[in-house]
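Reading the structure
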Number of protein chains: 2
Amino acid sequence: MRGVSERGRGYRVLTWRDGAVEMLDQRLLPHRVEYVTCADSRAVADAIREMVIRGAPAIGVAAGYGLALAALRSEADDPAGLRRDLASAAETLRASRPTAVNLFWAVDRVLAAVARPGLDSVALLRDAALAEAHAIREENARVCERMGQHALPLIPDRARIIHHCNTGALATTDYGTALGVIRAAHEAGKGPHVYVDETRPRLQGARLTAWELRELGIPHTVIVDSASGHIMRTAGVDLCVVGCDRVAANGDTANKIGTYNLALVARAHGVPFYVVGPLSTLDLALPHGDAIPIEERAAREVTHIEGEQITPDGVAVANPAFDVTPAEYITAIITEAGIAYPPYEESLPQLVEAARLQPAR
Amino acid sequence: MRGVSERGRGYRVLTWRDGAVEMLDQRLLPHRVEYVTCADSRAVADAIREMVIRGAPAIGVAAGYGLALAALRSEADDPAGLRRDLASAAETLRASRPTAVNLFWAVDRVLAAVARPGLDSVALLRDAALAEAHAIREENARVCERMGQHALPLIPDRARIIHHCNTGALATTDYGTALGVIRAAHEAGKGPHVYVDETRPRLQGARLTAWELRELGIPHTVIVDSASGHIMRTAGVDLCVVGCDRVAANGDTANKIGTYNLALVARAHGVPFYVVGPLSTLDLALPHGDAIPIEERAAREVTHIEGEQITPDGVAVANPAFDVTPAEYITAIITEAGIAYPPYEESLPQLVEAARLQPAR
């Protein structure tokens, strides 16, 4: 499991190989390291929906390659036909999951790449789609490392950190967002200790984050999500750090269910609450978080664990996959272009403008 | 499973039968209804520790019968020897779980009953111990129904209620504390709807509360613990109601892990947060909640579900079974003697005095 890939990791989250996308099947972690090969865009959409791959940035990367696959597999013999096939594949990909805006951002980006003038053959369009998918992936890695560097001054030595869900290499294809911040602090010798929210219902913290932290050698303790207040009150916590699936113009942030509770608990204890995400997670067209669509997932995620039924037969369940944390509870939003502080209506557009003038790519 | 016992329930939480205590094995619910028979006080202590029976009032009832069993099984042939055996059994029972004060209260109560003057034979002492255990159990039922009646004015029609852990008949041997309040509102035609916190790590909400609510015909929806804020923000919640394991003199309340988070989330939304418990759960000798011992349970409760391992091998876990909710977050404490409001240093002793003058028994 160890030592076979770049950057010291023994697993490959997502790989373009022989004209197909190979994804680590995150549903099987931490027990088994197995890969799923997606040979067409529909398979990529299915993998996103079924959470073979998850995490907003990683979903964006996967969607980019999904369109590249659509271009490769298309039987169209002229650019117009290929673009029609891409538009159709884009619809399928967009319908896979509703909340993470990176999905829509990546799809739009590849569509824009193939809409450029001068691409007057099927072959050129295919090259353009694949090149854009590769670019999204490569930028992701650099962007994550930059977020980690920006955040360093916010992380005290021996910081006790609560982290929710999974935001590491598994969620981004490389390095990580919130977990990238923790990793940067670790690599800088700050000696962080991570309290890992297990993150019901799908247990991404207990399954994925604990696994990644072990691989990275970062000390950590798994807790149930509802223990965060007790840990703050008794052990003490210096900061909370989470990723994000969509950030509205006012800073309201959709992220994994439980993020909002953690933010409220942090506020009650005066603990800083940081959101980490690339600019591609911003959706400045939305004025506030109530406009963000929240995915409701199957009841079975709550009623069953590892295939075993927990609840009485037929019980009613509400299973929102995400919640919205109002901006007022967010201390800062860390992006590759720098750190945004309230008021986010002003600071977020400034970061976008800064990135436009000096792009990460 | 239905229709065989008094009060319309098809199960018996705890029964004195043929000189032994029969307990419903709550670890197997909701899938199997099986019973464990405890023939001596050590078996009762084991059942409490292993959570065959749980819930502060039910633990108290079980401990009372544990001492009755110690009296029956003792081979002492004089009152002094029997009292020594009871003192020894009391130590074993007290060591079974540390947080719920009802355990200690019930043990002390049976010991006081057998310390009364005039009990000058082994037979009289055995009768006194068993009579006191029966009395604790019978009072429990009446006390719970009185709490439900006291709380009625606090419950609006069609109240949307978040409930944490399990506080029903399973937790009390009859009717319930917080769930008793919900039941009283239901029986009064108020039509409550309950959001059932699943209550990690042992899932008492998903397993037990959902099961009891179904048996009672009370509409309910199971949610993961960390979804409470999202539900308050989007669906709307009228009140939260929880039980308690120990209440200090200033109103600080130890209860199942996650209670404190829920209280903080409720406060942020202006949602009333009610604690329900019998006076036997008060520990007015403790000035505040930091003096309440918090049980740390095995990591396996977090790392494994239904015997399946979730986390990576050997992961570090913190598993506090309880937390302390500071009194400032508690809207009111509902007891059989009435409702206490802040400042609890004044209102709780007043209720105790009222109960002394007009006891529930």
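Residues numbered from 1 in each chain as written. Chains lettered and ligands numbered in written order. Predicted model: local features only at pLDDT ≥ 70, side-chain atom pairs only at ≥ 80, totals over all residues. Heavy atoms only, no water.

1. Focus: the overall build of chain A
Note the cut-off: We count a stretch as a helix when DSSP gives it H or I for four or more residues in a row; a strand needs E for two or more, and each element gets its number in order from the N terminus. For a compact globule the rule gives 2.2 Å times the number of residues to the power 0.38, and the radius of gyration it is set against comes from C-alpha atoms. The cut-offs for exposure are 20% and 50% of the maximum accessible area for each residue type, with area from a 1.4 Å probe on protein chains only; residues under the lower value are buried, those over the upper are exposed, and the others partly exposed. Throughout, a contact is declared for two residues whenever any of their heavy atoms are within 4.5 Å. Each accessible area is a Shrake-Rupley result for a 1.4 Å probe, and residues are judged covered by the shown protein chains and nothing else. Asp and Glu count as negative and Lys and Arg as positive, but His and the ends of the chain are not part of the count. Each charge is placed at NZ for Lys, CZ for Arg, CG for Asp and CD for Glu.
Looking only at helices and strands, chain A has 12 helices and 16 strands in total. At 20 Å, chain A has a C-alpha radius of gyration in line with the 21 Å of a compact globule built from 361 residues. In terms of principal-axis extent, the alpha carbons of chain A reach across some 65 × 50 × 45 Å. Looking at chain A residue by residue over its 361 residues, the buried ones come to 64%. In chain A, of all internal contacts separated by at least 6 residues, the share reaching a separation of at least 24 is 73%. For chain A, the accessible area works out to roughly 12500 Å², and carbon and sulfur atoms hold 49% of it. Of the side chains in chain A, 37 bear a positive and 45 a negative charge, and the two mean positions are spaced by 3 Å.

2. Here we look at the sheet that holds strand β11 (residues 282–283) of chain A
Residue and element names in this part refer to chain A. Rules: At least two DSSP bridges between two strands are required for those strands to pair. Each axis is a line fitted through C-alpha atoms, and for a helix only the stretch in contact is used; angles between axes span 0 to 180 degrees, taken between their N-to-C directions.
Pairing is mixed across the open sheet formed by four strands, whose spatial order is β11-β8-β9-β14. Strand pairing shows two members of the sheet lacking a second neighbour, β11 and β14 (322–325), which therefore form its edges. Sheet topology note: the strand β8 (residues 246–248)/β11 ladder contains two bridges and is parallel. Pairing of A248 across the sheet is with D283, part of β11. Of the strands in this sheet, β9 (253–256) and β14 touch helix α10 (residues 259–268), which is tilted by about 35° from β14.

3. Remarks on the relation of the copies chain A and chain B
How we decide: Least-squares fitting of one copy onto the other uses the C-alpha atoms of those residues that reach a pLDDT of at least 70 in both copies.
The two copies are related by a screw operation: chain A maps onto chain B through 180° of rotation and 0.0 Å of translation along the axis, at an RMSD of 0.0 Å. Both chain copies can therefore be described as sitting about a two-fold axis. Most of the interface of chain A is mirrored in chain B: 100% of its interface residues are interface residues there too.

4. Describing the interface of chain A and chain B
Spelled out, the test is: Reported buried area values correspond to the accessible surface (1.4 Å probe) lost by two parts on association, with both partners' losses combined. We define a salt bridge as a side-chain nitrogen of Lys or Arg found within 4 Å of a carboxyl oxygen belonging to Asp or Glu. Two N or O atoms count as a polar contact when they lie within 3.5 Å, although within protein this holds only if one can serve as hydrogen donor and the other as acceptor, and sequence-adjacent residues are included solely when both atoms are side-chain atoms. Each residue is assigned to one of three groups, with Ala, Val, Leu, Ile, Met, Phe, Trp, Tyr, Cys and Pro labelled nonpolar, Asp, Glu, Lys and Arg labelled charged, and all others, Gly among them, labelled polar.
The interface of chain A with chain B comprises 53 residues on the first partner and 53 residues on the second. Looking only at chain A, the three residues that lose the most surface to chain B are S226, R233 and I310 of chain A, adding up to 15% of its buried area. Here chain A and chain B share four salt bridges between them. Where R200 of chain A meets E198 of chain B, a salt bridge forms, and the shortest distance between an N and an O atom there is 2.6 Å. At the junction of chain A and chain B, the tally comes to 22 residue pairs in polar contact (both at pLDDT 80 or more). Of all the secondary-structure elements, those providing two or more residues to the side of chain A that touches chain B are α8 (204–216), β6 (220–223), α9 (228–234), α10, β13 (308–309) and β14 of chain A. When the residues that make up the side of chain A that touches chain B are grouped by side-chain class, the tally is 30 nonpolar, 12 polar and 11 charged.

5. Description of the packing of helix α3 (residues 79–94) of chain A against helix α4 (residues 101–114) of chain A
Residue and element names in this part refer to chain A. Defined as follows: Should an angle lie under 35 degrees it is considered roughly parallel, over 145 roughly antiparallel, and from 65 to 115 roughly perpendicular; all remaining angles are considered oblique.
Here α3 crosses α4 at 175°, and the two axes come no closer than 10 Å. If you check the angle between α3 and α4, you find them roughly antiparallel. Packed against α3, whose contacting residues are R83, L86, A90, L93 and R94, the element α4 presents L103, F104, V107, D108, L111 and V114 at the interface.

6. Things to note about the sheet that holds strand β2 (residues 20–24) of chain A
Within a sheet, adjacent strands bond to each other through the backbone by hydrogen bonds, running parallel or antiparallel. All names here are of chain A. Spatially, three strands are ordered β1-β2-β3 in an open sheet, and the strand pairing comes out antiparallel. Sheet topology places β1 (14–17) and β3 (35–38) at the edges, where each strand pairs with a single neighbour. Each neighbouring strand pair of the sheet contributes to a mean axis angle of 25°, computed without reference to strand direction. Strand direction decides the pairing type here: β2 and β3, joined by four bridges, are antiparallel. Along β3, the bridge assignment pairs M23 with V36. Together, β1, β2 and β3 form the strand contacts of helix α2 (residues 56–73), whose direction differs from that of β1 by roughly 20°.

7. Quick word on the pairing of strand β4 (residues 160–163) of chain B
Residues and elements named next belong to chain B. In terms of strand pairing, β4 meets strand β5 (residues 193–197) through four bridges, oriented parallel. What sits directly across from I161, in β5, is V194. Bridge count for β4 against strand β7 (residues 239–242) is three bridges, and the pairing is parallel. The partner of I162 across the bridge, within β7, is C240.

8. Topic: α3 of chain A
Defined as follows: Expected span, for any helix, means 1.5 Å times one less than how many residues it has.
Its 16 residues place the ends of α3 of chain A 22 Å apart at the C-alpha level, agreeing with the 22 Å of an ideal helix rising 1.5 Å per residue. All buried positions along α3 of chain A are accounted for by P79, G81, L82, L86, A89, A90, T92 and L93 of chain A.

9. Considering unusual backbone geometry
A cis amide bond, omega 0°, links L29 of chain A with the succeeding residue P30 of chain A. Cis geometry marks the peptide bond from P342 of chain A to P343 of chain A, where omega comes out at 0°. Turning to its location among the elements, P343 of chain A is positioned in the loop between β16 (338–340) and α12 (344–357). Look at T173 of chain A: it is not a glycine, yet its phi comes out positive at around 80°. The topology assignment puts T173 of chain A in the loop between α6 (169–172) and α7 (178–187). Residue classification places T173 of chain A among the buried residues on the basis of a relative accessible area of 1%. Positive phi values are uncommon outside glycine, yet D18 of chain B reaches one of about 55°. Note on placement: D18 of chain B falls in the loop between β1 (14–17) and β2 (20–24).

10. Overview of the state of the cysteines
For clarity, the cut-off: Any cysteine sulfur atom paired with another within 2.5 Å is treated as part of a disulfide.
Evaluated as defined, the whole model comprises zero disulfides over all chains. Of the cysteine sulfurs around C240 of chain B, a residue in no disulfide, the closest is that of C165 of chain B, at 14 Å.

The quantities given are spatial measurements derived from coordinates; they are silent on function.
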